[in-house]
Amino acid sequence: MAFTVIRTSWAEHEAALRQIRDTVFIQEQRVPEEMEWDGADADSVHFLALGDAGQPVGCIRLMPSGQLSRLSVLEQYRNQGIGKALIIAAEEHARAGDMDEIFLHAQTHATSFYEACGFSVTGGIFLEADIPHRQMFKELAQA
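Residues numbered from 1 in each chain as written. Predicted model: local features only at pLDDT ≥ 70, side-chain atom pairs only at ≥ 80, totals over all residues. Heavy atoms only, no water.

Trainee: Tell me about the overall build of the protein chain, and please be specific about residues and values.
Mentor: Each helix and strand counted, the protein chain has four helices and seven strands in total. Taking 15 Å as the expected radius of gyration for a compact globule of 143 residues, we find that the protein chain reaches 14 Å, a close match to that expectation. Counting only C-alpha atoms, the protein chain reaches 40 × 35 × 30 Å along its principal axes. The buried share of the protein chain, reckoned over its 143 residues, is 43%. Partitioning the contacts of the protein chain with sequence separation of at least 6, the portion at a separation of at least 24 is 60%. Looking at the protein chain as shown, the accessible area adds up to about 7400 Å², and 50% of this sits on carbon and sulfur atoms. Charge-centre separation for the protein chain: the mean point of 11 positive side chains lies 3 Å from the mean point of 21 negative side chains. (Helix = DSSP H or I, 4+ residues; strand = E, 2+ residues; numbered from the N terminus. Rg over C-alpha atoms; globule rule 2.2 N^0.38 Å. Buried < 20%, exposed > 50% of the residue type's maximum accessible area, 1.4 Å probe, protein only. Contact = heavy atoms within 4.5 Å. Areas by Shrake-Rupley, 256 points an atom, 1.4 Å probe, with all protein chains shown as cover. Lys, Arg positive; Asp, Glu negative; His and termini not counted. Charge placed at Lys NZ, Arg CZ, Asp CG, Glu CD.)

Set out below in structure tokens:
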């Protein structure tokens, strides 16, 4: 499937971002709504993957702290490179903004995916929304 990734804001694409994250986190993974809607979206830069018909299929946000979070791809579009493309877009934006590193809280089942994207595990396992996670970092070389 062909797709594109765009940089956007919460104000511009809130409905599409909410729909993806509601489906993946709240419905599939049973994350409580009050944890998902944490108030950090307005201050974050968002990246939205759009399918070949312009339909929203995935998203990620880059917080001012350098944390990548809320990477989500709708189930029927997974394993097609969309997650990696979203990470690359956020990483390039962070690098262009002179960030030295980015980090994320990876669900433990996904650590190998993030390692393949250049992230390294730091620290032990902890729970977020009753889901085991590990913190991961990636240093950004400046071009």
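Trainee: Residues and numbers for a negative patch on the surface, please.
Mentor: Residues Asp98, Asp100, Glu101 and Glu139 make up a contiguous surface patch of negative charge. Relative to the helices and strands, Glu101 resides in strand β5 (residues 101-107). We classify Glu101 as partly exposed; its relative accessible area is 38%. (Patch = residues over 30% accessible without salt bridge, like charges linked within 9 Å, V, L, I, M, F, W, Y side chains within 5 Å. Salt bridge = Lys/Arg side-chain N within 4 Å of Asp/Glu carboxyl O.)

Trainee: Describe the nonpolar core, naming the residues involved and giving the relevant values.
Mentor: Among the nonpolar cores identified, the biggest contains 37 residues, and Ile60, Leu68, Leu86, Ile87, Tyr114 and Phe119 are the most heavily contacted of them. Only α1 (10-28), β2 (45-51), β3 (56-62), β4 (67-73), α3 (82-96), β5 and β7 (131-139) provide two or more residues apiece to this core. Apart from residues no more than four positions distant in its own chain, Phe119 is found in contact with Leu68, Ile87, Ile102, Phe103, Leu104, Tyr114, Met136, Phe137 and Lys138. (Core = buried A, V, L, I, M, F, W, Y, C linked by side-chain atoms within 4.5 Å.)

In short, shape yes, function no, at least from these values alone.
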